[in-house]
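What follows is each chain in one-letter form.
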Amino acid sequence: MAGTDDPDDTDALDSRHLLDRVTAVARRRWPGAELLGLRRLEGGVSSLTYASTLVGAGPERGVVLKVAPAGLAPVRNRDVLRQARILHALHGTDGLPVPEVLLEDGGEPPEVPPLFVMELSPGDSYEPGLDVAPAPPAAATVAERYRTAVRALARLQSIEPERLSLGPEPVTGPGEELERWRRLFGTVDDDIAPGHEELYARLAAQVPEGVAPRLLHGDFRLANMLFEGDRLSAVIDWEIWSLGDPRTDLAWLLMHLRPAHVFHPARPAADRAAASLLPTAEEALEVYERERLAAGARQQDAAGVRRDLAWFLAVCHYKTASTIAVIWKRERRQADPDPKLVTASRHLTDVLRAGHAALDAR
């Protein structure tokens, strides 16, 4: 059995135990299967993610393993089998590629946590308004990626949730979404993001009526998609999927056209240039509506997402500010806080201001 690290290291022993377990799971389906090592991947805070290579199960292929953290109940965003369930439901959807789930194991939580294995989709991810990359994609490529993302979201929002056989799921309405971020702000120190109460008051005074619920990714943006050039190979990171108002995901994607939050005080010229040909919000909405119509939506349903969209955009800025504020509350206690979070904390006022601006344009 291939190991990963020094056998005297506790993490290495844990990795080797996990590798043995996953190989045993694989052999239930493919008797000659073996996983060649585990490599921890960055990203995600609710589950552990590893890359590996699967052999003895047809052609050699890269795979990704997601496992819930040991010692904690696998609920909500830690419920990795819930993530696998949505990937199963969406696999094969035209215009919305997701990784194929290959293996699942429920374990014996919380000591032996559940896990699943999916294919390793090819490509790279790049968030044009935020990221810094050694060689960012060309501006024309980034622009086409964004239009592709809009079309993928339109495809997702054309699916009636009942067709996916997901079982009982709560539906989050606009007001509940707003209150979720208010509660988060309620845990933040008073000197972080001053003025957030004023934005909340404006939002709470004009909560719109909800529309027919749709499946929400929860963080639908280019950073959570893999592309080969401008071809979308997979929408990834479904940890926080839910059912709710489709304008929530649409506004989130639109907000990232011109994000008000900042993680790098001075992004290189090449990264700024990569975002220079992105469509306007109006152009993106036209792409969205055309794709919804192509997927069979009625004209009023395709265009209905425009109603009160500015409110949802303002909530996205409020959500962003609350999330950064909570992370910064913890991070600033460190002796050497992350420079990206230091920068983000200094721009919280700008994020709240963008939320007010969205409401002003309503």
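The structure we're discussing is the one just above.
Being a predicted model, the structure only gives us computed values, none of them experimental.

Calculation criteria
Each chain carries its own residue numbering, running from 1 in the direction its sequence is written. Only residues with pLDDT of 70 or above have their local features reported here, since the model is predicted, and side-chain atom pairs are shown and tallied only from 80 upward, although totals for entire chains, interfaces and linings are computed over all residues. To obtain the side-chain values, all non-hydrogen atoms of the structure were included, while hydrogens and water were left out. A run of DSSP states H or I qualifies as a helix once it reaches four residues; a run of E qualifies as a strand once it reaches two. Both are numbered from the N-terminal end. We take the radius of gyration over the C-alpha atoms and set the globule estimate at 2.2 Å times the residue count to the 0.38 power. Burial classes: relative accessible area under 20% of the type maximum marks a residue as buried, over 50% as exposed, and values in between as partly exposed (1.4 Å probe, protein chains only). Residues count as neighbours in contact if any of their non-hydrogen atoms are within 4.5 Å of one another. Here the Shrake-Rupley method, with its probe set to 1.4 Å, supplies the accessible areas, and only the displayed protein chains count as covering residues. Asp and Glu are treated as the negative residues and Lys and Arg as the positive ones, with His and the ends of the chain left uncounted. In this description, the location of a charge corresponds to atom NZ of lysine, CZ of arginine, CG of aspartate or CD of glutamate. Lining residues are those with an atom within 4 Å of a point, where the points come from a 1 Å grid over the protein atoms alone and group into cavities, where a 1.4 Å probe fits but cannot get out, or pockets, open sets with protein on both sides within 12 Å along at least five of seven lines. Grid points are joined across faces, edges and corners, and a volume is the space filled by probe spheres set on the points. Here the rule is simple: two strands pair whenever DSSP picks up at least two bridges between them. Criterion for a salt bridge: a side-chain nitrogen of Lys or Arg within 4 Å of a carboxyl oxygen of Asp or Glu. Buried Ala, Val, Leu, Ile, Met, Phe, Trp, Tyr and Cys residues form a nonpolar core when they are joined through side-chain atoms within 4.5 Å.

J.: I would appreciate a short explanation of the overall build of the protein in the present structure.
T.: When you go through the protein residue by residue, the secondary structure sums to 12 helices and 11 strands. For a compact globule of 362 residues, the expected C-alpha radius of gyration is about 21 Å, and the protein comes in at 21 Å, within 12% of that figure. A total of 362 residues make up the protein; the buried ones form 50% of that total. Taking all contacts inside the protein whose residues are at least 6 apart in sequence as the whole, residues at least 24 apart take part in 70%. Here the protein has roughly 16,900 Å² of accessible surface; of this, 51% comes from carbon and sulfur atoms. In the protein, the 43 positive side-chain charges and the 54 negative ones have mean positions that sit 3 Å from each other.

J.: What's the story with empty space enclosed by the protein in this structure? I'm lost.
T.: Sizing a probe to match a water molecule and rolling it over the atoms shows the empty space that remains. Applying the stated criterion across every chain yields a total of one cavity of 30 Å³ or more. Of the residues forming the lining of the largest cavity, the biggest block, four residues, is contributed by helix α10 (residues 309-331).

J.: Sorry if this is basic, but what is going on with the side chain of serine 345 here?
T.: Along the chain, serine 345 falls in helix α11 (residues 339-346). A relative accessible area of 17% means that serine 345 is categorised as buried. Those residues in contact with serine 345, other than ones at most four positions away along the chain, are Ile324 and Trp328.

J.: Can you help me understand the pairing of strand β5 (residues 101-105) in this one?
T.: Here is the key point about a regular strand: its side chains alternate between the two faces of the sheet. Among the five residues of β5, four are classified as buried, and the element is accordingly described as predominantly covered. Pairing of β5 with strand β6 (residues 115-119), which is carried by four bridges, proceeds in the antiparallel orientation. Along β6, the bridge assignment pairs aspartate 105 with leucine 115.

J.: What am I meant to see in the sheet that holds strand β8 (residues 214-216) here?
T.: Hydrogen bonds along the backbone pair up the strands of a sheet, which may run parallel or antiparallel. As summarised here, the arrangement of the three strands in space is β7-β11-β8, forming an open sheet in which the pairing is mixed. The sheet is open, and its two edges are formed by β7 (171-172) and β8, each paired on a single side. Sheet analysis places β7 next to strand β11 (residues 242-244), joined by two bridges and oriented parallel. Bridged to valine 171 within β11 is leucine 243.

J.: Can you help me understand the pattern of salt bridges in this one?
T.: Opposite charge on two side chains permits them to pair, given that their charged atoms come into close proximity. Summed over the entire model, instances satisfying the criterion amount to 22 salt bridges. Where arginine 221 meets aspartate 219, a salt bridge forms, and the shortest distance between an N and an O atom there is 2.8 Å. Taking relative accessible area as the criterion, arginine 221 reaches 18% and is therefore assigned buried. Looking at aspartate 219, the relative accessible area reads 19%, which means it is buried. Residue aspartate 245 pairs with arginine 247 through a salt bridge whose shortest N-O separation is 2.8 Å. Residues aspartate 245 and arginine 247 agree in their burial class; the two are buried. Through salt bridges with shared partners, a single network forms among Arg21, Arg28 and Asp105.

J.: Is there a simple way to think about unusual backbone geometry in this case?
T.: What you tend to see is this: most non-glycine residues have negative phi, and most peptide bonds are trans. Proline 109 connects to proline 110 through a cis peptide bond whose omega is 0 degrees. With respect to the helices and strands, proline 110 occurs in the loop between β5 and β6. Non-glycine residue aspartate 237 carries a positive phi angle of around 60 degrees. Position of aspartate 237 relative to the elements: it lies in the loop between β10 (231-235) and β11. For aspartate 237, a relative accessible area of 38% puts it in the partly exposed group.

J.: Would you explain the pairing of strand β3 (residues 48-55) in this entry?
T.: Counting buried positions over the eight residues of β3 gives six, a clear majority of the element. Looking at chain direction, strand β1 (residues 34-35) and β3 are connected through two bridges and run antiparallel. Note on β3: the bridge partner recorded for leucine 35 is leucine 54. As defined by bridge partners, β3 adjoins strand β4 (residues 61-67) across seven bridges and the pair is classed as antiparallel. Pairing of leucine 48 across the sheet is with valine 67, part of β4. Here β3 folds back onto β4, and the loop between the two strands holds five residues, one of which, glycine 56, carries a positive phi near 75 degrees.

J.: Even after reading the chapter, I still don't get the nonpolar core, so can you show me in this structure?
T.: Grouped burial of nonpolar side chains is what soluble globular proteins tend to show. If you look at the biggest cluster of nonpolar residues, it comprises 80 residues, and the most contacted ones within it are Leu90, Tyr146, Leu203, Leu215 and Trp238. At 12 residues, the largest contribution of residues to this core is made by α10. Dropping the residues within four chain positions of it, leucine 203 is found in contact with Leu178, Trp311, Ala314, Val315, Tyr318 and Leu359. If you look at the next biggest cluster of nonpolar residues, it comprises 19 residues, including Leu18, Val25, Val63 and Leu115.

In short, the description is geometric, and any link to function would need to be established separately.
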